[in-house]
Amino acid sequence: MLSAPLTFTGREMMNHAVQQFERLARVPLAYLPTPLVRLTRLETLFGGPRIFMKRDDQTGLGFGGNKTRKLEYLLGDATRLKADCLITAGAAQSNHCRQTAAAAAASGLGCHLALGGTPPPQPEGNLLLDLLFGAHIHWSQEKRKGENIPEIVKVLRSAGKHPYIIPYGGSNHIGAMGYVAAMFELEDQSRGEIEIDHIFFASSSGGTHAGMMVGKEMLGKNYQLHGVNIDKDEIYSMELEEYIVKLANEVATSLEFSRFFTPDDVLLHEQYLGEGYGVVGALEREAIAHLARREGILLDPVYTGRAMGGMLDLVKKGHFNRDETLLFWHTGGGPALFAYGNELV
Ligand SMILES: *Cc1c(COP(=O)(O)O)cnc(C)c1O
């Protein structure tokens, strides 16, 4: 699996990092590899570059999504530390929280979720699934990025529990390993057949982006990574770009991979933020409709609808030649569609 040609000079350094990577504790949760498909009917609509999609909405666990890859490594660590429950945080319609709840159920662990907002009159979409998976919900009003996890952890510990803390979005150096692995998986699937020039994806807590950056360097690839920022709010009082760089360096350090990342290594499109996190506009609505009607593929209202909208905007504006190849990395999120009915059709 890791026999990709390494074209960079520091081949030995990369081999060492690959060895470190293969030693990490991992709990298999996802159905891998996820499909890599070509979107020919979408290509015809725009008459531009070739467009492929990596279907991480099909990772399988509890309706799938990108967090499942991160959770494989996070659960590996939780198991090593003999935790008996997981705690994490997100918005009421968090895909990350839903996949964490499913991972906890599948691993026989308890699950505590600190969710932004207040209880809705009726649970829908991801929240309904959190409850089906047996998660305990801690309603946290304006706090949707785990600001109150320490308080909840204190209460759990004093009740004799051993909680394992998963940060917002599962984005620390352990979770990001899931996307180092994903880049190796893509290399395996595409090698010798598809020459990818650009990879687009939604970026919000940074782990997917940082893991991809490190995986790309370990493989010595030249494709351009395009994160589409979908959340204008800061993360841990940092701009997202700054957090991605920090995380990529932490991932590299923990793999003893001596590549130092700087903001120049990050391409983050900031022009598609619209009215803010989770607010659907024309960009998302149109992208969701195109993919649904042309390809029978469902995007989500918060992440992939916005990221696809951004990618198609750049295609329409002629940023790519006909002989270039784009890959859209579908990161999941479909269950949130059921909480956005009125705004989508
Ligand atoms: C969390 C999420 C993302 C963003 O991934 P990060 O690693 O948090 O940047 C993208 N798409 C979907 C559907 C998500 O749930």
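Described in the following lines is the structure provided in the data block. Keep in mind that this is a model prediction, so the values were computed, not measured.

About the thresholds
Residues numbered from 1 in each chain as written. Predicted model: local features only at pLDDT ≥ 70, side-chain atom pairs only at ≥ 80, totals over all residues. Heavy atoms only, no water. Phe/Tyr/Trp six-rings, centres within 6.5 Å; stacked < 30°, edge-to-face > 60°. Helix = DSSP H or I, 4+ residues; strand = E, 2+ residues; numbered from the N terminus. Buried < 20%, exposed > 50% of the residue type's maximum accessible area, 1.4 Å probe, protein only. Lys NZ or Arg CZ within 6 Å of the ring centre and 35° of its normal. Near = heavy atom within 4 Å. Polar contact = N/O pair within 3.5 Å; in protein donor to acceptor, adjacent residues only side chain to side chain. Areas by Shrake-Rupley, 256 points an atom, 1.4 Å probe, with all protein chains shown as cover. Nonpolar A, V, L, I, M, F, W, Y, C, P; charged D, E, K, R; others polar. Pairing = 2+ DSSP bridges. Contact = heavy atoms within 4.5 Å. Axes fitted to C-alpha atoms, helices over the stretch in contact; angles between N-to-C directions.

Further remarks concern the packing of aromatic side chains. Summed over the entire model, instances satisfying the criterion amount to six aromatic pairs. Arranged with centres 5.9 Å apart and planes meeting at 35 degrees, the rings of F21 and Y73 form a pair that is tilted. Residue F21 is found in helix 1 (residues 11-22), and its partner Y73 is found in helix 3 (residues 67-80); the two are separated by 52 residues along the sequence. In this structure Y73 comes out as buried when scored by relative accessible area, which is 7%. Grouped by ring-pair contacts, the aromatic residues F21, Y73 and F184 constitute a single cluster. Across the ring face of Y179, the terminal group of R69 is positioned such that the distance to the ring centre comes to 5.7 Å. In this structure, R259 is placed above the aromatic ring of F261, and the distance from its NZ or CZ to the ring centre is 4.6 Å.

Within the structure, the ligand sits among 16 residues, and K67, K70, S205, T208 and T331 are positioned closest to it. A distance of 3.1 Å separates an oxygen atom of the ligand from a polar atom in the side chain of N95. For the ligand, whose unbound accessible area comes to 380 Å², protein coverage reaches 99%. Elements that contribute at least two residues to the shell around the ligand include exactly helix 3, strand 7 (198-203) and helix 8 (207-219). When the residues that make up the shell around the ligand are grouped by side-chain class, the tally is two nonpolar, 12 polar and two charged.

Here six strands make up an open sheet; going across it, the order is 1-2-10-7-8-9 and the pairing mixed. Of all the strands in the sheet, the pair left with one neighbour each is strand 1 (36-38) and strand 9 (268-269). Bridge count for strand 2 (residues 50-55) against strand 10 (residues 325-330) is six bridges, and the pairing is parallel. Within strand 10, the position partnered with M53 by the bridge is F328. Where helix 7 (residues 177-190) meets the sheet, it contacts strand 1, strand 2, strand 7, strand 8 (224-229) and strand 10, and its direction lies at approximately 135 degrees from that of strand 10.

This paragraph deals with the sheet that holds strand 4 (residues 110-115). On the basis of which strands lie adjacent, the open sheet formed by four strands has the order 5-4-3-6 and parallel pairing. Because the sheet does not close on itself, it has two edges, and the strands there are strand 5 (136-139) and strand 6 (163-165). Averaged over all adjacent pairs, the angle separating strand axes in this sheet is 25 degrees, with direction ignored. Lying over the sheet, helix 5 (residues 125-132) contacts strand 4 and strand 5, oriented at roughly 135 degrees with respect to strand 5.

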